[in-house]
Amino acid sequence: MIPCVIYIYSFLRAIPPKPLAHEKQNYNDPWLICYKQMCPKRCVFSVIKKYSNQSAAVNYLAQQRGGVCYKTPSWRERVFPVVQDTSTRLFKKTNSFSNLACKLNICDSVCLMVSEEPNLPNAFVKLYYILQEMKPANTENVVPVLHSAKDGCKPKKFTPDEVLVPNPSFKENQGTKRKRKTLHLKVEERIEKVKDEKEDKDMQPGSLSIYELERLENIRQNQVFLSSIKLLEAKQDLKPEKTQRGLKRQNNKVAWTEILPPRTKSLRIQKKEAERLPLPLEPHRIYYEVERIERTRKPEGPISMEPINMEEDSSLPPELLKLWTEDLIQEEKEELGLGEYRSTLKSMELSEIGGVAKVVKSRIFSVAFHPCSSRLLMAAGDKLGGVGLWNLDSDMGDEGVLLFEPHVQPVVCMAFSRSHPTDLLTLSYDGTLRSTDVEKAVFDEVYRIKDGLRTFDFLSHDCSTLVTGDWYGDVAIVDRRTPGTSHESLHSLDTKTVRCVHVHPVQKQYIMVAENSIVSIYDARCLKASSTEPVSQLYGHSKSISSAYFSPGTGNRVVTTCLDNNIRIYDTSELTSRAPLLTSIQQNLYTGRWLSKLQATWDPKRDDCFVVGSMQRPRRVQVFHESGQLQHSFQDPEITTVLSVTAFHPTRNALLGGNASGRLYVFTD
C-alpha cells in the first residue's frame with residue numbers, strides 16, 4: 001500500500017499546474033513538451049533552439065526554474081548520465097565551466113551545470129554569467145567579432161552549433177567598465193588621448209567603440225565652443241579676488257626628523273624576573289582642564305613700542321603720531337529721533353574694499369575706537385597678549401595694521417582716555433595694566449599684581465584715578481599720579497569674583513560691580529576693607545553675569561548680559577535698594593569655550609540703544625532699543641563668524657566687531 005501511495009504522489013507532483021482561465025495554453029511551448037516527454041536534455045535543447053539569443057534562453061530557463069519537472073529528484077538522475085561520459089573527463093581537466101562550454105555543445109553544458117549545482121537558482125545564475133562571458137567567433141578567419149556600444153543593445157543571434165569563444169572573466173570586464181567610467185571624469189585628457197590614437201597609424205581597432213569616440217568628439221566640440229565665446233574666462237572674472245588685509249600668515253613650520261630610541265629586549269625575552277613596582281594612585285577625575293603654556297611675564301617698568309610685524313629697530317610711522325596726537329573737536333550734535341537713528345543705521349555698510357582686516361593673531365577679547373573723527377583708528381586685544389592698531393585709510397605696517405605685544409595673557413579690557421586721547425590703557429590676565437605713550441614709544445606700567453586682573457574703568461573726569469577688579473573678588477583704587485605701580489586702597493567684596501566694574505558717567509562716586517548673579521552699586525567714598533553694604537542692587541539673574549554698563553549720557557539705565565540667555569535693562573534714575581527691571585530680551589548668549597562672551601554695550605551717542613553680537617545664522621550684529629525693540633541687524637556675506645566683541649564710535653557713525661580669528665569688521669556710512 002505504501003509504495004502505491006508514493007508512486008501516485010510522485011506522479012501527481014510531475015503534473016504541471018493548470019493554467020488560469022484568462023491564460024491561453026500554448027501546446028507548442030517547449031516547456032510543456034518537456035513536461036510531457038520528461039527529458040530534460042531535449043527540453044533545454046528545444047528552448048535554446050526556439051530562442052536564437054542565448055541570453056533570452058537563459059532568462060527563460062531562469063523564469064521556469066520553479067517548474068515541476070525541476071523539483072523532482074528523478075530529474076537529476078536522468079540528467080547526469082546523459083552528459084557524464086562526454087563532460088566529466090573534460091571538467092576534471094579544465095576545472096571550469098567556461099572552458100568546458102567551448103568543447104561541449106550548449107545543451108550538454110546546461111545539463112552539466114544543473115546536475116553539478118545542488119541549488120537550481122544558483123545554477124542558472126552561474127549559467128547566465130558564463131553565457132555573458134562568451135561571444136560567437138568567426139571560425140574561418142579566426143578573428144573575434146567586435147561589438148560597439150550601440151550594437152550591444154541588439155539581440156545576438158547564434159545557432160547551437162556555433163563555436164563559443166570565452167571572453168575575459170566577468171570580474172575583468174567589470175573592472176574595465178569601471179575604469180572607463182572614471183576616465184570620463186578627466187574629459188580633456190581623454191580627448192587628447194583619443195586624438196593621438198586617431199593620428200597613430202598603428203592603432204589597433206577595438207580599443208574604443210564607435211559610440212564612445214563619437215561621444216568624446218561631441219565633448220571636444222562643446223569645449224571648443226565654450227572657449228570661443230570665452231565663457232570660462234568670464235566665469236573667472238566674476239569671482240572677486242579674496243585678499244586678506246592686515247597681518248600676513250607666517251610659515252613657522254620647521255622640518256624635523258623623529259629620532260627613535262634604541263630598541264631593547266624585554267625582561268621576558270632576556271629570561272629575567274620583572275621588578276615588582278607598586279601601582280600608582282588613581283588620579284582624581286578632572287571634568288574641565290585647560291592646558292596653559294607658561295609664558296614669562298614682561299619685565300617691570302616701561303616696554304618699548306616695537307611692532308612685531310615690521311623690521312627690527314623700526315620706528316613708529318609718522319602718520320600714527322600725527323593721528324594719535326590730533327586735537328579733538330567737540331561738536332554738539334542734536335540727538336536724532338528714533339526713526340532717523342534707524343535710517344542712519346541702515347545706511348551703514350561693510351566696505352567692499354578694506355572693511356575687514358586681520359589685526360591680531362588670535363581670538364579678540366576687547367576692542368576700542370580712538371575718539372578722533374578725521375580718520376578711523378581702532379585697537380584690539382587678543383588672547384596671546386597682543387595689541388593691534390588699525391588705521392582704516394592708511395598703508396602703514398601691513399596695510400594699515402601694527403601689532404605689539406605688551407602682555408603675555410589675554411587683553412580683556414582696553415579704553416582710550418577721555419581727557420587725554422593719546423592714552424590707551426590695556427589690562428590683561430597677567431596682572432598688569434599698561435598705558436600707551438606714542439610720543440615716547442613705550443608701554444608704561446600703571447598697576448601690577450601677581451595675576452588675575454579682570455576689568456577696570458576711569459573713576460575721575462580727568463581719568464587720573466582708576467578702579468580695577470580681579471578674579472578674587474577684590475576692587476582696587478589706583479591713582480596714576482602716585483609714583484609706583486601699587487594701589488591706593490584694596491576692598492574685598494562679599495563675592496567670589498568680579499566680572500565687570502563700571503563707573504556712573506555723571507556721579508563718579510558710584511561704582512557698579514557685576515558679581516556672580518547679582519549686580520551691586522557701591523559708593524566709592526564708603527568702601528571698606530571688607531563687607532561693604534551696596535547702595536543698590538539689581539536682581540533677577542539666575543546665572544553668572546558677563547557685563548553691566550551704565551547708559552553713557554545720564555546713567556539712568558543699566559544694561560546687563562547674563563548667561564541665562566537674557567539681556568536686561570534696569571532703571572537707575574533713582575538709586576533705591578532694589579532697582580526696578582524695565583525690559584528683558586531673550587537672546588542666545590551661549591558661546592561655548594572657543595568664543596569670547598557676548599556683551600551688550602551702549603551706543604556712546606545715545607542713552608536708549610545698545611549693540612550686541614548674535615549667535616543666529618546668517619551671522620549678524622544687532623542693535624536694540626531699551627524697550628526691547630530691534631532697530632537694525634548688520635548683515636553681510638563677508639560675515640561668516642560670530643562677532644562677539646562690538647563697539648560704537650563715540651562721535652562718528654561707525655560700528656566695530658571682532659571675531660575669534662583676530663579679524664575686525666567695520667561698518668560705516
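Residues numbered from 1 in each chain as written. Predicted model: local features only at pLDDT ≥ 70, side-chain atom pairs only at ≥ 80, totals over all residues. Heavy atoms only, no water.

**Quick look at the overall build of the chain**
Item 1. Along the backbone of the chain there are 16 helices and 33 strands.
Item 2. A buried classification covers 42% of the 669 residues belonging to the chain.
Item 3. Contacts in the chain between residues far apart in sequence, at least 24 positions, make up 56% of those at least 6 positions apart.
Item 4. Carbon and sulfur atoms provide 52% of the accessible area of the chain, an area that totals close to 40200 Å². (Helix = DSSP H or I, 4+ residues; strand = E, 2+ residues; numbered from the N terminus. Buried < 20%, exposed > 50% of the residue type's maximum accessible area, 1.4 Å probe, protein only. Contact = heavy atoms within 4.5 Å. Areas by Shrake-Rupley, 256 points an atom, 1.4 Å probe, with all protein chains shown as cover.)

**Quick notes on a nonpolar patch on the surface**
Item 1. Together, Phe225, Ile229 and Leu231 make up a nonpolar patch on the protein surface, roughly 300 Å² of accessible area in all.
Item 2. If you trace the backbone, Leu231 turns up in helix H13 (residues 231-238).
Item 3. Classification of Leu231 as partly exposed rests on a relative accessible area of 45%. (Patch = residues over 30% accessible without salt bridge, like charges linked within 9 Å, V, L, I, M, F, W, Y side chains within 5 Å. Salt bridge = Lys/Arg side-chain N within 4 Å of Asp/Glu carboxyl O.)

**A word on the pairing of strand S11 (residues 411-416)**
Item 1. Most of S11 sits out of view: five of its six residues are buried.
Item 2. Here S11 pairs with strand S12 (residues 423-428) via five bridges, running antiparallel. Its bridge partner being in S12, Ala415 is matched across the sheet by Leu425.
Item 3. If you look at the hairpin formed by S11 and S12, you'll find six residues sitting between the two strands. (Pairing = 2+ DSSP bridges.)

**Quick notes on the UniProt feature "repeat: WD" (unreviewed entry) in the chain**
Item 1. Feature annotation in UniProt assigns "repeat: WD" (unreviewed entry) to the following positions: residues 538-571.
Item 2. The straight-line gap between the two end C-alpha atoms of residues 538-571 is 9 Å; of that span, 0% is helix and 56% is strand. (UniProt positions renumbered as here; feature names shortened; annotations may be inferred.)

**Describing the sheet that holds strand S10 (residues 401-404)**
Item 1. On the basis of which strands lie adjacent, the open sheet formed by four strands has the order S7-S8-S9-S10 and antiparallel pairing. Edge positions in the sheet fall to strand S7 (364-369) and S10, since each of these pairs with one other strand and no more. Along the sheet, successive strands turn relative to each other by an average axial angle of 20°, direction set aside.
Item 2. Pairing of strand S8 (residues 377-382) with strand S9 (residues 387-391), which is carried by five bridges, proceeds in the antiparallel orientation. Note that in S9 the partner of Ala379 across the bridge is Leu389. (Axes fitted to C-alpha atoms, helices over the stretch in contact; angles between N-to-C directions.)

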